[in-house]
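Residue-level structure breakdown
Each chain, letter by letter, is given below.
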Amino acid sequence: MEIRTVGVVGAGQMGNGIAHVFALAGYDVLLNDISAETLEKAVALIDRNLERQAARGKITAEDHGAAMARIRTTTTLADIGASDLIIESATERETVKQAIFEDLLPHLQPHTILTSNTSSISITRLASRTDRPERFMGFHFMNPVPVMQLVELIRGIATDEPTYKTLLGVVEKLGKTAASSEDFPAFIVNRILMPMINEAVYTLYEGVGNVRSIDESMKLGANHPMGPLELADFIGLDTCLAIMNVLHDGLADTKYRPCPLLTKYVEAGWLGRKTKRGFYDYRGDEPVPTR
Ligand code: NAD
């Protein structure tokens, strides 16, 4: 099946990156959010990020202009229904995602493929609440979307082969690489990454190291490009906590117990870069560790 129009639900950190790469690859993109202000900010950010790519010679000024011309926005979810492909990338909460799919159902075309960019929630369960579990998949992008090469494709129990093949083709057209994962909590990347981040928070919580020593240790000692706490701030501490809870509940193993310090940061509203404070404070010129 050929995909021409793409609807993206949620214009946060991930949604704006997804809109960016699809528009650049030639798809017509309709971006939706409940907040008009978020949509405005997302479009301005996409424009700046495309500008930066053009300045580095990665794309031409024409590519930049053409990509911007392919992006439209709406606060009305129903407008998205006419798209060939829908990518839900709203807040990582199952009730939020379920409500979005429920509201979308009456407005979909028969051939529309539904996908979720969820980091951890069961694709099979989300799909089962729709009228088309066979045309439903996990479509998991990495942050920042324009930079990261990998896309995880997650088949629910009912996903059919044409849907999987269609998304493989889309990933190829985006110039990215697909990895297929079975539908188990947090899939592949976050099943491995999040327990490491959670362990880094435990290391901080138990006083084994401070923020700087933990991040330096993993950068210089394990050759990671970012320290785990810096990475957690980048992902969003609310998203990290949500993923640990999905692992804990879904696999029923205490080794996935979210660190109480991670919960405390989230309760404080210190969610990382997006709120300007997390394991580091980003309000000044340089990030300053908060512990
Ligand atoms: P975010 O908090 O930056 O953005 C979420 C957006 O969803 C907000 O703009 C919010 O207004 C919007 N939203 C909430 N309810 C909505 C609704 N009913 N309709 C339309 N929009 C709604 O979060 P994010 O980091 O962009 O994460 C979005 C999704 O991407 C989550 O499922 C997350 O797990 C997944 N994800 C995140 C990362 C990451 O590194 N942050 C990586 C891969 C996947």
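Predicted model only: the values in this text are computed from it and were never measured.

A few words now on the site of the ligand. As a matter of local geometry, the ligand sits amid 25 residues, with M14, D33, E92, K97 and S119 nearest to it. Interatomic distance of 3.3 Å between a backbone N/O atom of A90 and an oxygen atom of the ligand. At 3.0 Å from an oxygen atom of the ligand is found a side-chain nitrogen or oxygen belonging to N117. Against a free-state accessible area of 840 Å², the protein chains account for coverage of 86% of the ligand. Counted by class, the shell around the ligand contains 8 nonpolar, 13 polar and 4 charged residues. Here the shell around the ligand gathers at least three residues from each of two domains, domain 1 (5-181) and domain 2 (194-289).

Further remarks concern the domain arrangement of the chain. The domains assigned to the chain are domain 1 (5-181) and domain 2 (194-289). With 7 residues of domain 1 at the contact, the number on the domain 2 side is 7 residues. Note on domain 1 versus domain 2: buried area summed over both sides is about 590 Å², and carbon and sulfur give 63% of it. Contact with domain 2 buries area across many residues of domain 1, yet Q13, E92 and S120 alone supply 61% of it, more than any other trio. Inspection of the domain 1/domain 2 interface yields 0 salt bridges. Among the residues forming the side of domain 1 that touches domain 2, the class breakdown is 2 nonpolar, 4 polar and 1 charged.

This part takes up helix α4 (residues 94-104). Listed as buried for α4 are K97, Q98, I100, F101 and L104. Taken around the axis of α4, the buried residues stretch over an arc of 160 degrees, which confines them to a single face. Of the surrounding elements, those touching the buried residues of α4 are β1 (5-9), β4 (85-88), β5 (113-116), α5 (123-128) and β6 (136-141).

Structurally, the position occupied by I80 is in the loop between β3 (71-74) and β4. The sequence separation of I80 and N16 amounts to 64 residues, and the corresponding C-alpha distance is 15 Å.

What follows deals with the nonpolar core. Nonpolar side chains in soluble globular proteins tend to end up buried together. With 35 residues, the main nonpolar core has V6, F22, L85, F139 and F141 as its most contacted residues. Counting residues per element, this core draws most heavily on helix α1 (residues 13-24), which supplies 6 residues. When residues no more than four places from it in sequence are discounted, the contact partners of L85 are I3, T5, V6, G7, F22, I113, T115, F139 and L167. Grouped together as the second largest cluster of nonpolar side chains are 29 residues, Y202, L229, Y265 and Y282 included.

Here the focus is a positive patch on the surface. A surface patch of like charges, here positive, comprises R48, R52, R56 and K58. Overall, R52 belongs to the partly exposed group, its relative accessible area being 45%.

This part covers helix α10 (residues 237-251). Here α10 contains 15 residues, and its C-alpha end-to-end distance of 21 Å stays within 8% of the 21 Å for a straight helix at 1.5 Å per residue. When we look at burial in α10, the residues that qualify are L237, T239, C240, L241, A242, I243, M244 and L247. The positive-phi residue at the C-terminal boundary of α10 is A252, with phi of around 50 degrees.

Let's shift gears to the side chain of T74. For T74, the position within the fold is in strand β3. One polar contact links the side chain of T74 to the main-chain amide nitrogen of T76, over a distance of 2.9 Å. A polar contact of 2.6 Å, which involves the side chain of T74, links it to the side chain of D79. Each residue touching T74, except ones within four places of it in the same chain, is listed here: L30, L31, N32, D33, L39, D79 and I80.

Once that is clear, we can look at the environment of P228. Tracing the backbone shows P228 in helix α9 (residues 228-235). Judged by relative accessible area, which is 2%, P228 ranks as buried. Expressed as a C-alpha distance, the spacing of P228 and D238, which sit 10 residues apart in the sequence, is 15 Å. Setting aside its immediate chain neighbours within four residues, P228 contacts M196, I197, A200, I214, D215 and M218.

In this structure the tally under the stated criterion is 14 salt bridges. In this structure, the salt-bridge partner of R125 is E94, at a minimum N-O distance of 2.7 Å. Of this pair, R125 sits in helix α5 while E94 sits in helix α4, and the two are 31 residues apart along the sequence. The exposure class assigned to R125 is partly exposed, which follows from its relative accessible area of 43%. Judged by relative accessible area, which is 21%, E94 ranks as partly exposed. A salt bridge links R283 to D281; its shortest N-O distance comes to 2.6 Å. For D281, a relative accessible area of 17% gives the class buried. Where salt bridges share partners, they join E88, E92 and K97 into one cluster.

Criteria and thresholds
Residues numbered from 1 in each chain as written. Predicted model: local features only at pLDDT ≥ 70, side-chain atom pairs only at ≥ 80, totals over all residues. Heavy atoms only, no water. Near = heavy atom within 4 Å. Polar contact = N/O pair within 3.5 Å; in protein donor to acceptor, adjacent residues only side chain to side chain. Areas by Shrake-Rupley, 256 points an atom, 1.4 Å probe, with all protein chains shown as cover. Nonpolar A, V, L, I, M, F, W, Y, C, P; charged D, E, K, R; others polar. Domains from an automatic or database assignment. Contact = heavy atoms within 4.5 Å. Buried area = accessible area lost by both parts, 1.4 Å probe. Salt bridge = Lys/Arg side-chain N within 4 Å of Asp/Glu carboxyl O. Buried < 20%, exposed > 50% of the residue type's maximum accessible area, 1.4 Å probe, protein only. Helix = DSSP H or I, 4+ residues; strand = E, 2+ residues; numbered from the N terminus. Arc of directions from axis to C-beta. Core = buried A, V, L, I, M, F, W, Y, C linked by side-chain atoms within 4.5 Å. Patch = residues over 30% accessible without salt bridge, like charges linked within 9 Å, V, L, I, M, F, W, Y side chains within 5 Å. Lys, Arg positive; Asp, Glu negative; His and termini not counted. Charge placed at Lys NZ, Arg CZ, Asp CG, Glu CD. Expected span 1.5 Å × (residues − 1).

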